Amino acid sequence: MTRAGALVLPSRRTLLAGAAALLAVPSLARAQGGPPLGLRVGTLKFGTLNWLVETIRAEGLDTREGLALESVDFASGQATTVALQAGDVDLIVSDWLWALRRSNDGERMRFAPFSNALGALMVAADGPVKKLDDLRGRRIGVAGGTLDKSWLLLRAYSKAKIGVDLASAAEPVYGAPPLVSEQLPLGRVDAVLTFWPYAARLDARGFARLMDVSEMITGLGIAPVPPLVGFVWRNAAMAERGAAIAAFLRAAAGANRVLATSGAAWERIRPLMQAADDAEFARLRDYYRAGIPGSFGEAERVSCGKLYEVLAQIGGPELVGPNPGFDRSLFGPVGE
């Protein structure tokens, strides 16, 4: 069981390695003195990508990269994916399973890590659920729907560890993340599997992390734990926007280095975080920092392939679509 406060923050060496990997991509930077590189980024109105974008701007990293950055707010993740496919924005944050399915269906996408932070299974600290087996016959709130990646991983993990599929051995209750997370304090569910910002908020209110999604992944024999969520863009946009995308990824790495160490940077973005109090602010900050991506190389690509096999097996065609397959080119360097 993972105790509250046991987050592992990335080391300075890890952050520098990740930044170096981004800077090592084939050069697509604008010529000196050229016009600004325009890039439209689709963001969720209250999403964590806004924290990063605001830091990029406040630190002048967009100016340093010659980047004219435009944020376009959307109300849902589905709206951002629709906008990307329509060409209304150039880059969004999404999971690579979605991007891979689009690529396999003929609309090639590209992916670069945004965050290694994953969700968690949260329970009442003094409640009846103390271990995985205690979930039998219990109500589990699940942020998202039946094909939520964390839920599929929990199902696969429970089958491997206690020999049951929680989809049938427990009672899942699906819903939007903010709504389903509130079911735990109200006592309407016995556990909540939710995305990391909502887990952080519950953590701040005294609820406990029974298990992180990262533990489920390693428990299934997959290491290192790969990111699920990242920056996604259309391969077709590379000819026109490739230099801008490369510049943005460098700026994002720089902003993450600031957020990893600077308290002042967090105070600056605090209004965007909508933290209820100091404890919630601190947990959101710590969870974000723990998820700052480091290097993304061959080992991580191999882990993505293994993770895809697990998810495809339990999610089936409804998840992976009619043309399943793991295409490593999704994760290639920006310039390929």
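You'll find the structure just up there.
Not measured: the values here are computed from a predicted model.

With that settled, consider the pattern of salt bridges. Oppositely charged side chains can pair when the atoms bearing their charge come close. Going through the model one piece at a time under the given rule, you end up with 21 salt bridges. The partner of Arg 241 in a salt bridge is Asp 90, with the nearest N and O atoms 3.6 Å apart. Of this pair, Arg 241 sits in helix α11 (residues 238–261) while Asp 90 sits in the loop between α4 (77–86) and β3 (92–95), and the two are 151 residues apart along the sequence. With a shortest N-O distance of 2.7 Å, Arg 155 and Asp 165 are connected by a salt bridge. You can see Arg 155 sitting in helix α6 (residues 149–161) and its partner Asp 165 sitting in the loop between α6 and α7 (166–169), a full 10 residues away along the chain. With respect to class, Arg 155 is no different from Asp 165; both count as buried. Salt bridges sharing partners connect three or more residues here, namely Asp 203, Arg 209, Asp 212, Arg 283, Arg 285 and Asp 286.

Next up on the list: the sheet that holds strand β6 (residues 139–143). The sheet built from 5 strands is open, its strands ordered β7-β6-β8-β5-β9 with mixed pairing. Two strands bound the open sheet, and with one partner strand each, they are β7 (171–175) and β9 (208–212). Between one strand axis and the next, the sheet turns by 25 degrees as a mean value, whatever way the strands run. Two elements, strand β5 (residues 120–123) and strand β8 (residues 191–194), share 3 bridges in a ladder whose sense is antiparallel. Within the sheet, the bridge partner assigned to Leu 121 lies in β8 and is Leu 193. On the sheet, α6 packs against β5, β6, β7, β8 and β9 and is oriented at approximately 125 degrees with respect to β8.

Soluble, globular proteins show a tendency: their nonpolar side chains are buried together. Trp 96, Leu 153 and Leu 166 are the most contacted members of the largest nonpolar core, which totals 52 residues. The element contributing the most residues to this core is helix α14 (residues 298–320), with 9 residues. Those residues in contact with Trp 96 that lie beyond four places of it in its chain are Phe 111, Pro 227, Leu 228, Cys 304, Leu 307, Tyr 308, Phe 326, Leu 330 and Phe 331. Of all hydrophobic cores here, the second largest spans 48 residues; its members include Trp 51, Ala 244, Ile 245 and Trp 266.

The subject of this paragraph is α11. The end-to-end C-alpha separation of α11 is 33 Å, in line with the 34 Å expected for 24 residues at 1.5 Å each. Of all the bends in α11, the greatest measures close to 25 degrees and is centred on Ala 244. The buried fraction of α11 amounts to 18 of the 24 residues, a majority that puts the element mostly inside the structure.

Criteria and thresholds
- Residues numbered from 1 in each chain as written.
- Predicted model: local features only at pLDDT ≥ 70, side-chain atom pairs only at ≥ 80, totals over all residues.
- Heavy atoms only, no water.
- Salt bridge = Lys/Arg side-chain N within 4 Å of Asp/Glu carboxyl O.
- Helix = DSSP H or I, 4+ residues; strand = E, 2+ residues; numbered from the N terminus.
- Buried < 20%, exposed > 50% of the residue type's maximum accessible area, 1.4 Å probe, protein only.
- Pairing = 2+ DSSP bridges.
- Axes fitted to C-alpha atoms, helices over the stretch in contact; angles between N-to-C directions.
- Contact = heavy atoms within 4.5 Å.
- Core = buried A, V, L, I, M, F, W, Y, C linked by side-chain atoms within 4.5 Å.
- Expected span 1.5 Å × (residues − 1).
- Bend = angle between axes of the 7 residues up to and from the residue.

Just distances and angles here, no functional claims.
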